[in-house]
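# Residue-level structure breakdown
Here is how the chains run, residue by residue.
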Amino acid sequence: DQVLIGVAFLILIVMVLALKSSIPRYINELKILLNAGSVREGERITYNGIPMKMETLNFFSKLTNPNIPNLTLRLPLSELSKYISRKYTQDEPWFPCQQGDYVMLSDGTYGKVKCITFESVLISLSSGMSSKTYSTIDFLATNPRNLSQGFVVTSDFGIDYKYQQQCTTEIPELLCTGIRQGLQKESYGDSLEDILVEFAHANTSSLDYKIIALFNGNGADDYYSITRALQRHAVEVCNQQGWEIPFSQLVVHTNQG
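Structural notes, computed from the coordinates. (Residues numbered from 1 in each chain as written. Predicted model: local features only at pLDDT ≥ 70, side-chain atom pairs only at ≥ 80, totals over all residues. Heavy atoms only, no water.)

## Let's talk about the overall build of the chain
As a reminder of what qualifies: Secondary structure is summarised from DSSP: a helix means a run of H or I of at least four residues, a strand means a run of E of at least two, and numbering begins at the N terminus for each. Classification of residues uses two cut-offs on accessible area relative to the type maximum, computed with a 1.4 Å probe and protein chains only: under 20% is buried, over 50% is exposed, and between them is partly exposed. Residues are treated as being in contact if the distance between any of their heavy atoms lies within 4.5 Å. Methods summary: accessible areas were calculated by the Shrake-Rupley approach with a probe of 1.4 Å, and residue burial reflects only the protein chains presented.
Assigned secondary structure in the chain consists of five helices and 13 strands. Counting the 257 residues in the chain, one finds 39% classified as buried. A separation threshold of at least 6 residues defines the contact pool for the chain, and within that pool the share at least 24 residues apart is 57%. As displayed, the chain has an accessible area near 14700 Å², and 53% of this comes from carbon and sulfur atoms.

## Quick look at the packing of aromatic side chains
For the record, the criterion: Pairing of aromatic side chains requires ring centres within 6.5 Å, counting the rings of Phe and Tyr and the six-membered ring of Trp. Pairs whose planes differ by under 30 degrees are stacked, by over 60 edge-to-face, and all others tilted. Either the NZ atom of lysine or the CZ atom of arginine qualifies as a charge over a ring when it sits within 6 Å of the ring centre and within 35 degrees of the ring normal.
Under the defined criterion, the tally for this structure stands at 13 aromatic pairs. Both rings, one in Phe199 and one in Tyr209, keep their centres 5.6 Å apart while their planes meet at 80 degrees; by these two values the pair is edge-to-face. Residue Phe199 is found in strand E11 (residues 192-202), and its partner Tyr209 is found in strand E12 (residues 207-215); the two are separated by 10 residues along the sequence. The rings of Tyr102, Tyr110, Phe151, Tyr188, Phe215, Tyr223 and Tyr224 are connected pair by pair, giving a single aromatic cluster. For Arg44, the ring lying beneath its charged end belongs to Trp94, and the centroid distance is 4.7 Å. Sitting above the plane of the Phe60 ring, Arg74 keeps its charged end 5.4 Å from the centroid.

## Observations concerning the environment of Glu55
By the element assignment, Glu55 lies in strand E2 (residues 50-56). Residue classification places Glu55 among the partly exposed positions, given a relative accessible area of 33%. With 18 residues separating them along the chain, Glu55 and Leu73 place their C-alpha atoms 9.9 Å apart. Filtering out sequence-adjacent residues up to four positions away, Glu55 remains in contact with Glu41, Lys62, Leu63 and Thr64.

## Observations regarding the environment of Met54
If you trace the backbone, Met54 turns up in strand E2. Given the relative accessible area of 0%, Met54 is considered buried. Separated by 15 residues in the primary sequence, Met54 and Val39 place their C-alpha atoms 7.9 Å from one another.

## Concerning the sheet that holds strand E9 (residues 145-146)
This is how the line gets drawn: The rule for pairing is simple: two strands pair if DSSP sees at least two bridges between them.
The strand order across the open sheet built from five strands is E8-E7-E6-E5-E9, with neighbouring strands paired in antiparallel fashion. The open sheet has two free edges, formed respectively by strand E8 (131-135) and E9, since each of these has just one partner strand.

## Observations concerning the pairing of strand E10 (residues 151-159)
Here E10 lies mainly inside the structure; nine of its nine residues are buried. Bridge analysis of E10 against E12 gives nine bridges, and the strand direction is antiparallel. Within E12, the residue paired with Val152 across the bridge is Leu214.

## Topic: helix H5 (residues 223-241)
Definition in use: Every helix has an expected span of 1.5 Å times one less than the residues it contains. We define the bend at any residue as the angle between the axes fitted to the seven residues before and including it, ending there, and the seven starting there.
Across its 19 residues, H5 extends 28 Å between first and last C-alpha, which sits within 8% of the 27 Å expected from 1.5 Å per residue. Of all bends in H5, the biggest is about 25 degrees, found at Ala229. For H5, the full list of buried residues reads Tyr223, Ile226, Thr227, Ala229, Leu230, Gln231, His233, Ala234, Val237 and Cys238. Phi turns positive, to about 75 degrees, at Gly242, one or two residues after H5.

## Notes on the packing of helix H4 (residues 170-184) against H5
Cut-off, in case you're wondering: Orientation is described by lines fitted to C-alpha atoms, with helices fitted over the stretch in contact, and by angles between N-to-C directions that extend from 0 to 180 degrees. By the definition adopted for this analysis, an angle is roughly parallel if under 35 degrees, roughly antiparallel if over 145, roughly perpendicular if from 65 to 115, and oblique otherwise. A crossing counts as left-handed when the near helix is turned anticlockwise from the far one by less than a right angle, and as right-handed when that turn is clockwise. Polar here means any residue outside two lists: the nonpolar Ala, Val, Leu, Ile, Met, Phe, Trp, Tyr, Cys and Pro, and the charged Asp, Glu, Lys and Arg; Gly therefore counts as polar.
Two elements in contact, H4 and H5, have axes separated by 9 Å at closest approach and are oriented at 125 degrees. By the criterion of interaxial angle, the relationship of H4 to H5 is oblique. Along this stretch, H4 crosses H5, giving a crossing that reads as right-handed. Of the residues in H5, those in contact with Leu174, Leu175, Gly178, Ile179, Gly182 and Leu183 of H4 are Ala229, Leu230, His233, Ala234, Val237 and Gln241. When grouped by side-chain class, the residues that make up the contact of H4 with H5 number eight nonpolar, four polar and no charged.

Given below as structure tokens:
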């Protein structure tokens, strides 16, 4: 009898200790279920590096990403209790791109976003014949620039010093007009929003200009064609005007708008 009483006493102690450690967890989960805990319905949390909206609270709660309709997740209350949600503003980004957008990554990769999941992002490269897969965290770490939201292409171009008298007056205007007309004849011409040519600086062997072209997202799939076209049309303007181009001065830079 004493042995049985001792065993029963030990079992009782174990049960008390177990309840002591689990009751606070159950209380936290109950608070979340009642929308009074650390995570609240309609607010924003970051789950595995991805911003998510707390759509509905339940024993298995639903999380969504407003920017990616097919990116949904069900999480138990025990998992949600590890997070803290917050209110968000309407202009906060939820993800840098959507499926079908064209992006430029910091590692130089350019292509179309084919698929986005919690685990990976699939990029169809510009050739269309191959693709590249990133883990979603690695993809976000590349600071993707979404060209489908509009972008700017800039190009440096120089002419000979013999045109110094015209370099800040007639030449920028003629270059701007000629390049604009050339771009508008291209297949992506309708996506051209604006173009500007400014005198940049007097280089050692040339008078340099900065060509700045702004495009809307419809021209994103022609990104590389546009960067080449700026130089091509600038050379055509020089041919028409009879301007000489110094050797070794073609440099292209790109930025998102």
